[in-house]
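Residue-level listing of the chains:
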Amino acid sequence: LDIWVYQLGWADGPYPPTHWETLHWLQDMGFRVNPEIGRYDGLEGVERHYHQWADRRHDLEYEIDGLVVKADPFQHYERLGVVGREPRWATAYKFPPIQATTKLLGIEINIGRTGTLNPYAVLEPVQVGGVTVSKATLHNEEDIRRKDVRVGDTVIVQRAGDVIPQVVGPVVSKRTGRVKVFVMPDRCPVCGTPVVRPEGEVMRYCPNPACPAQAFRWLTHFVSRGAMDIEGLGESWCYVLLEQGLVKNPADIYSLTKEQLVGLERMGEKSAENLLSAIEASKDRPLGRLIFALGIRHVGSEIAVLLASQFGSIDALARASVEELAAIPTVGPRIAESVHQYFRDASNLGVIEKLRRAGVRMAEEIAAAPPEGPLAGLRFVITGSLASMPRSKAEEFIRQLGGSASDSVTKKTDYVVVGESPGSKLRKAQQYGTRLLSEQEFLELLRQHGAI
Ligand SMILES: [Zn+2]
């Protein structure tokens with residue numbers, strides 16, 4: 001395992017005023033900083049650096065998919081600001097994807113966690129940017145049709161960054177008479193159940209909840225890190241548990257016994273104990289994780305957290321009408337319908353009941369007690385930059401002492417901490433007659449209450 005240190009998160013005390021100097025400062029302290037960094041006064045230099053590495057990237061001992069261009073003086077960072085999660089003072093400058101041509105030997109089907117039939121390309125192995133590629137994604141049947149990719153075609157394959165290789169399209173000029181148009185199967189290739197395609201959707205699904213392929217996908221999803229996070233229960237153990245009939249759906253893992261586990265090949269007593277305690281620990285995951293783990297179609301981890309905060313419990317979510325669900329911003333009718341359907345399915349409800357009986361947490365934790373501390377109930381806003389610490393750290397101190405920190409000044413704001421080059425918040429505070437604190441006064445306040 002190796003590391004390049006590329007940024008300073010927070011420093012206790014003074015640090016250099018620019019990114020470039022900070023990197024050298026870190027290097028002087030013994031941190032590993034990439035020797036290929038460059039600093040330029042204009043975009044021409046950045047362009048040169050980019051093109052140089054676009055050509056030489058394969059000389060590196062590790063893979064890169066582009067450069068990050070950053071503004072140098074920290075004093076500009078706040079003014080540049082952040083859009084969503086993307087800071088304006090740092091931007092990725094990606095290299096074009098690497099492409100190669102090869103032969104499409106066949107198109108096969110993978111069954112996804114929610115039963116989707118996912119076609120993928122089986123390719124004659126080809127080197128794409130130093131990596132041998134023999135499989136590539138084809139998204140869905142519309143994608144295959146739109147690109148007019150046929151089995152036997154010579155196709156263009158590309159890799160960009162860490163993403164799965166993609167088939168860009170066929171090289172039609174190289175097409176021979178021996179190509180075959182791909183037809184999606186009418187039946188699930190694993191269990192043989194006729195597939196369904198809901199109106200308006202591009203994917204076909206295997207509707208059989210007992211489909212072994214789905215059971216495997218669901219189980220591996222359920223135990224994965226973003227879901228119930230059960231350490232030690234990797235794909236191969238999931239496979240064994242299903243194959244041995246010890247588990248039919250994710251809820252069954254909570255009734256596994258030590259005797260059953262020790263009876264499995266290559267499972268020692270110690271690993272069985274570790275696995276059981278990992279399973280036990282997973283009973284107390286936040287509600288959003290459980291909702292995500294349930295594998296509801298179209299419900300990713302972010303939507304799951306949103307649903308958890310809106311409904312507070314599995315039971316309330318299960319009772320919600322399509323209209324109630326669809327009214328939540330970013331949920332929309334498609335997800336609403338899918339969530340509603342999920343809780344109308346008897347086998348899903350059976351799994352949920354079993355999880356409940358096993359003691360898995362089914363509700364959000366009770367709201368935290370009102371904040372305590374010397375600044376309890378006081379609202380702070382910070383404007384401008386503080387010399388002694390980043391704003392986020394200052395806000396953390398405020399919260400530690402029971403106060404709250406927000407971004408905008410309102411009539412309810414109690415204190416505005418004024419740093420260097422304050423913005424419009426200061427004017428607003430003056431307008432409302434809000435009490436102002438200089439950085440020194442703020443530090444004094446923190447010191448007085450023992451925060452620093
Ligand atoms: Zn199936």
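Residues numbered from 1 in each chain as written. Predicted model: local features only at pLDDT ≥ 70, side-chain atom pairs only at ≥ 80, totals over all residues. Heavy atoms only, no water.

Let us look at the domain arrangement of the protein chain. Domain annotation for the protein chain reports domain 1 (19-94), domain 2 (98-181), domain 3 (225-284), domain 4 (287-358) and domain 5 (379-448). Between the C-alpha centres of domain 4 and domain 5 the distance comes to 40 Å. (Domains from an automatic or database assignment.)

Note on the zinc ion: its protein donors are Cys-188 (SG), Cys-191 (SG), Cys-206 (SG) and Cys-211 (SG). The metal-donor distances range over 2.2 to 2.4 Å. Around the zinc ion sit four donor atoms; with metal-centred angles ranging over 100 to 116°, the donor geometry is tetrahedral. The motif formed by the donor residues of the zinc ion, counted along the single chain, is C-x2-C-x14-C-x4-C. One end of the pair, Cys-188, is in the loop between β11 (180-181) and α5 (212-223); the other, Cys-211, is in the loop between β11 and α5, with 23 residues separating them in the sequence. Neither residue differs from the other here; Cys-188 and Cys-211 are each classed as buried. (Donors = N, O, S within 2.8 Å, 3.2 Å for Na, K, Ca; no water. Tetrahedral: all angles 85-135°; square planar, octahedral: opposite > 155°, others 65-115°. Helix = DSSP H or I, 4+ residues; strand = E, 2+ residues; numbered from the N terminus. Buried < 20%, exposed > 50% of the residue type's maximum accessible area, 1.4 Å probe, protein only.)

Judged by nonpolar contacts, the single largest core of 59 residues is most densely connected at Ile-230, Ile-253, Ile-291, Leu-307, Phe-343 and Leu-355. For this core, the leading source of residues is α5, giving six residues. Membership of the second largest hydrophobic core comes to 26 residues, among which are Ile-111, Val-126, Val-133 and Val-155. (Core = buried A, V, L, I, M, F, W, Y, C linked by side-chain atoms within 4.5 Å.)

This paragraph deals with unusual backbone geometry. What you tend to see is this: most non-glycine residues have negative phi, and most peptide bonds are trans. Unusually for a residue other than glycine, Asp-229 sits at a positive phi of about 50°. Relative to the helices and strands, Asp-229 is located in the loop between α5 and α6 (235-243). Relative accessible area serves as the criterion here: at 27%, Asp-229 is assigned to the partly exposed category.

Turning next to the side chain of His-19. Of note, His-19 is situated in helix α1 (residues 19-28). Note on His-19: relative accessible area 13%, which makes it buried.

Below, the discussion takes up the packing of α5 against α6. Where α5 meets α6, the axes come as close as 10 Å, and the angle between the chain directions of the two elements is 130°. The angle between the axes of α5 and α6 places the two elements in the oblique class. The handedness of the crossing between α5 and α6 is right-handed. Side by side, α5 and α6 meet where Ala-215, Phe-216, Leu-219, Thr-220 and Val-223 of the first sit next to Glu-235, Cys-238, Tyr-239 and Leu-242 of the second. (Axes fitted to C-alpha atoms, helices over the stretch in contact; angles between N-to-C directions. Parallel < 35°, antiparallel > 145°, perpendicular 65-115°, else oblique. Left-handed = near helix turned anticlockwise from the far one by under 90°. Contact = heavy atoms within 4.5 Å.)

Along helix α15 (residues 391-400), the residues that are buried comprise Lys-393, Ala-394, Glu-395, Phe-397 and Ile-398. Tucked inside the fold, the buried residues of α15 contact β12 (379-383), β13 (404-406) and α17 (439-448). Gly-402 sits one or two positions beyond α15 and adopts a positive phi of about 95°.

Moving on to the packing of aromatic side chains. This structure, assessed with the given rule, holds ten aromatic pairs. Arranged with centres 5.2 Å apart and planes meeting at 40°, the rings of Tyr-50 and Phe-95 form a pair that is tilted. Pair noted here: Tyr-50 is in helix α2 (residues 43-56) and Phe-95 is in the loop between β4 (90-94) and β5 (98-111), with a separation of 45 residues, a long-range link. Ring geometry for Phe-380 versus Tyr-415: centroids 5.2 Å apart, planes at 20°, classification stacked. Of this pair, Phe-380 sits in strand β12 while Tyr-415 sits in strand β14 (residues 415-418), placing them 35 residues apart in sequence. Both residues of the pair, Phe-380 and Tyr-415, belong to the buried class. By way of ring pairs, the aromatic residues Tyr-15, Phe-74, Tyr-77 and Trp-89 are connected into one cluster. Across the ring face of Trp-237, the terminal group of Arg-266 is positioned such that the distance to the ring centre comes to 5.6 Å. In this arrangement the basic side chain of Lys-393 is found over the ring face of Trp-10, its NZ or CZ atom lying 4.4 Å from the centre. (Phe/Tyr/Trp six-rings, centres within 6.5 Å; stacked < 30°, edge-to-face > 60°. Lys NZ or Arg CZ within 6 Å of the ring centre and 35° of its normal.)

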